[in-house]
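# Report on the structure
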Amino acid sequence: MRAPAALLGALLIAAPAIAQNVAAPDYAEVSLSDPAKEKQALALMDSIRCVVCQGQPVSGSNADLAGDMRRVIRERIEAGESPEQVRAWLVSKYGDWVSFKPPLEARTAPLWLVPLLALMAGLWLLVRRLKWDRLKGTRG
Amino acid sequence: MKRGLILWLPLALILILFAVFWVGLHRQENHDIASQMVGKALPEFTTPAALPGLPGASTALFRDGRPRLLNIFASWCVPCVAEVPVLMRLKGMGVEVVGIAVHDTTPALDQFLTRNGNPYARIGSDDQSRIQLALGSSGVPETFVIDGQGRIVKQHIGVVGEGDIPELLALLGKQP
Amino acid sequence: MIAEAGLAALWFAAALALAQLVLGAMATSDARAELRASIAPVAIVQALFVVTAFFCLIAVFARSDMSVLLVAENSHSAKPMIYKISGTWGNHEGSMLLWVTILGVAGASIALFERKLRADTKVATLAAQGAIALGFYAFLLFASNPFARIAGVIEGQGLNPLLQDPGLAFHPPTLYAGYVGMSAAFSFAVGALVTRNVGPEFARAMRPWILGAWVFLTIGITAGSYWSYYTLGWGGWWFWDPVENASLMPWLAATALIHSVTVLATRDGLRAWTIMLAVLAFSMSMVGTFLVRSGILTSVHSFAVDPRRGLFILELLAIYIGGALTLFALRVGTVSEGTRFDPFSREAALVANNLLLTVILIVVMAGTLYPLALEGFTGAKISVGAPYFNSVAGPLALVLMLIMAAGPLLRWRSDQPALLLRRVAPALLVGVIALAVLIAFAGPIGLLPLFGLAVAALVAVASLAPLWKRNLARTPLFTYGMVIAHLGCAVSIAGMACEGAFTKENLVAVKAGETQPIGPFSVTFAGLREFPGPNYAALEGVLLVAKGSDKPFIMAPQLHQFSDPPMLTNQAAIKTFWNGQLYLTIGEKEIDGRWLIRMWWKPFVTLIWLGGAMIALGGALALLGRVRRELFASRKAGAPA
């Protein structure tokens, strides 16, 4: 049995199952027809990291696997999944490294706690330097 | 007094930074992105045969009770050539190796196997890397050990070498 | 021969840097005038030697001397001359030589042009500058020799095609002039701490040097952003890449510093803050140098990776930054703190400004380094990119902009809230109107771009406010500088917000003759053309673009296939209109006779870089204004008694 053309016969892996046919566009390179969905897909592609590149997102890489990821992203969004669901699916396969948006967990908490602490420390330093007596006294 | 302590804070912070740098310099360079699917069930897939004469692969196959190796490769992948002899040895020891050819064509695959040898019992075709993505595989070559119940036991990133044979055999439940 | 001469010049420069340090150290305890006077000429001669070394390296690149290892690895005789020359600094060793050259020239400039600084402080400053130079000369001579020879090479490996662009001639030199020029501030700070001379006079002396370096840094970062935008074909202008962040961190610290030094100069306040920031700015430059060249972070910008070099730089960092901060902790306590100020005062606004800039710096540093720290300590891999930086630094930046709107309108020492409100009322009104208009008409855009545009409108009006009711002919030049720089910030933020909110993108596979829309334009694919370039083969897509019923024009994105080294680059076709840019690229894969065209319509994106240029211009005017005033004052004072 000869292997048929790429689009014909290849089946999607994992839920949701989507049937492919010859006429379907190759979403690795072509936009979705719905502009709102396409915008979502592009935004997601900008924040998914190419696993075979030097730190580029899949939207900006020429690597084959990056194109394959773009295809799957568009297909899933076309099928109705939300960008966050697609991101979660990719993270379930490759781990947090594949997402430029760090997860909000205990082990990544310092990313937000450190700036917050810095802000509070700075505010404290600022407040120490101010002369508050003028405000406490009669309004001048 | 309090002011004095604060003045040492920048230095303390910089020293912490230097500690991070020092750790960064001395850690092992490991650019591999490991799959998160290890320990989980093999995702559902069916692929057409990549070559006439050899059947394709599907998930159902892996649940028949026999552990197997799932080898992700391609004829255009230069390092893959180096692991064919090792895979042949494993085949000779009774290990069933299922190949997934990524972004490949029948003639190129044919040439590759004719030139280097064919360790595969089956070869599936993965033109759009869908199986790769489903497995959390980030490149070629990679080899997965699948147990008889269709669970992913281990991911080996990179070329399989002679030194990896004992571990693979152990995971497959075979005597060396 | 030239290479050996260059290497010898480098050794001489290093020896003179050592002499500079030793003389300075001796001069602090020994008050002999000749000793003090000798350090400036030493600094000047050191600069002459290092500049000679740098020109020697340029010469071997220009002549394609393949017996020099660096040339063999990074150049090719078929390259156009401009890329042979600018390729000198397109690699680790060459750019490091540029680094120390600017360091030396900065020191010589202080020696030649600095007149206001107290003599002993100037000596200590030059000694500090010599000390820094010494460490980096050692790094060059022992770990990154640019003049190493190699035998038997006939042709070079060529310059990375991405670097074969006028941007390479422009971006690194201006960036380094800023990045490394900030060493002047560091040395001034160390000099001031050593001689216990932290006061308004010191601040006035240091200010022009900070402004000068900051202007260059602003230009360098802006140029780098535009270069990557047009040359990479990805349509983005900032990626929060570790190397980009490494240039942003010194800029943030330096921006805080130029404001802090003004408080010190005019109000004798914020002494500790100013010294701290002066040390921090160049420390961030050195940390950036470490990050880029040590290989601990993955980046498209990284130079050749070598952990041993990284260790060397880390040791230098420990000595210089650790030393300066120790000196800071020991000495700054004895420097009097200066007067306290009112919550509603320009000082308070400036301190809030510094605070926010520092927090933003910490955000950038945390996001850049946390993945490294986490992996080092736990082995877990995460990525931190634009979603984090935009969501955390973005709001902070907007609050900062609001403070920037109010600051120049506040009086020194103490002011009334009600009076401030009256002064900012027009700006506030404009901001609120802008917000309302956007909410009503702009459609679904993100919160950050929405508030970004409203804040930009507010700040634009507020930045012009200091000029109202003033005699414009008698307004000092540095006030114009401030106005233009602040206005530039508003312009840049407006550009960023527009780009983020209103960009239209379309990705299609087209056949010859097919037409696709993008924004207000329709693009027809007319066909392909192939032709040879100087050292590449070009594939050009001919696109006919029309807007409405206007006459169509041609845009031609290209793909360049290089052979030495083999690489394919994507040359976007960009056309600039008054209200935005049309950005077209052609894909490299043909699919069933169809070619991929990627199209962007980016409204007002050019404001980003226009704003950056305005900020730099404002800084330059402020610098010019200060320098002119000092010259004028000293000429008056120097009139015969």
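Okay, so let's go over this structure.

Here is what the cut-offs are and how they apply
- Residues numbered from 1 in each chain as written.
- Chains lettered and ligands numbered in written order.
- Predicted model: local features only at pLDDT ≥ 70, side-chain atom pairs only at ≥ 80, totals over all residues.
- Helix = DSSP H or I, 4+ residues; strand = E, 2+ residues; numbered from the N terminus.
- Rg over C-alpha atoms; globule rule 2.2 N^0.38 Å.
- Contact = placed C-beta atoms within 7 Å.
- Buried ≥ 20, exposed ≤ 12 C-beta atoms within 10 Å, placed from the backbone.
- Nonpolar A, V, L, I, M, F, W, Y, C, P; charged D, E, K, R; others polar.
- Pairing = 2+ DSSP bridges.
- Axes fitted to C-alpha atoms, helices over the stretch in contact; angles between N-to-C directions.
- Right-handed = clockwise from strand over helix to strand, strands pointing away.
- Expected span 1.5 Å × (residues − 1).
- Arc of directions from axis to C-beta.

In terms of regular secondary structure, chain C is built from 18 helices and 10 strands. Relative to the compact-globule value of 26 Å for 641 residues, chain C shows a C-alpha radius of gyration of 26 Å, a close match. On the principal axes, the C-alpha backbone points of chain C span a range of 80 × 75 × 60 Å. Contacts spanning at least 24 positions in sequence make up 75% of the contacts within chain C whose residues lie at least 6 apart.

The next point concerns the overall build of chain A. Along its length, chain A carries 5 helices and 0 strands. Ordered by position from the N terminus, the helices and strands of chain A form the series α-α-α-α-α. In chain A, which comprises 140 residues, the share counted as buried stands at 38%. Within chain A, contacts between residues separated by at least 24 positions form 46% of all contacts whose residues are at least 6 apart in sequence.

The subject of this paragraph is the interface of chain C and chain B. Chain C puts 23 residues into the contact, and the matching count from chain B is 15 residues. Looking at the side of chain C that touches chain B, the elements that each hand over two or more residues are α11 (271-294), α12 (307-331) and α13 (346-378) of chain C. The leading source of residues in the side of chain C that touches chain B is α12 of chain C, at 12 residues. Grouping the constituent residues of the side of chain C that touches chain B by class yields 17 nonpolar, 6 polar and no charged.

All names here are of chain B. Strands sit in the order β3-β2-β1-β4-β5 across an open sheet of 5 strands; the sheet is mixed. Where the open sheet ends on each side, the last strands, each with one partner, are β3 (120-126) and β5 (152-157). For this sheet, the mean inter-axis angle between neighbouring strands, taken without regard to orientation, is 20°. As paired strands, strand β4 (residues 142-146) and β5 are joined by 5 bridges and run antiparallel to one another. Pairing of Phe144 across the sheet is with Gln155, part of β5. In the packing of helix α6 (residues 165-172) onto the sheet, contacts are made with β1 (68-73), β4 and β5, and the angle to β4 comes to roughly 30°.

Each partner contributes residues to the interface: chain C has 41 residues there, and chain A has 36 residues. Every element with two or more residues in the side of chain C that touches chain A is listed here: α13, α14 (386-406), β1 (504-510) and β9 (580-591) of chain C. Per-element tally for the side of chain C that touches chain A: the top contributor is α13 of chain C, with 12 residues. Looking at side-chain class alone, the side of chain C that touches chain A contains 26 nonpolar, 9 polar and 6 charged residues.

Moving on to the pairing of β3 of chain B. Looking along a regular strand, one sees side chains alternate from face to face of the sheet. Residue and element names in this part refer to chain B. Counted residue by residue, β3 has 6 buried out of 7 residues, so it is predominantly covered. Bridging between strand β2 (residues 97-102) and β3 involves 6 bridges; their strand directions are parallel. Within β3, the position partnered with Gly99 by the bridge is Ile123. On the question of chirality, the crossover connecting β2 to the parallel β3 by way of helix α4 (residues 106-116) is right-handed.

A rise of 1.5 Å per residue sets the reference length of helix α17 (residues 477-502) of chain C, with its 26 residues, at 38 Å; its end C-alpha atoms lie 37 Å apart and thus fit the reference within 8%. Where burial is concerned, most of α17 of chain C is hidden: 20 out of the 26 residues are buried.

In an α-helix, one full turn covers 3.6 residues, which means residues spaced three or four apart are oriented alike. For helix α2 (residues 9-26) of chain B, spanning 18 residues, the distance from its first C-alpha to its last is 26 Å, which sits close to the expected 26 Å at 1.5 Å a residue. Residues of α2 of chain B that are buried: Ile14, Phe21 and Gly24 of chain B. All buried residues of α2 of chain B lie within an arc of 70° about the axis, which places them on one face of the element. Exposed residues pointing more than 90 degrees away from the buried face of α2 of chain B are listed as Ala12, Ile16 and His26 of chain B. Summarising the contacts, the buried residues of α2 of chain B are in contact with α11, α12 and α13 of chain C.

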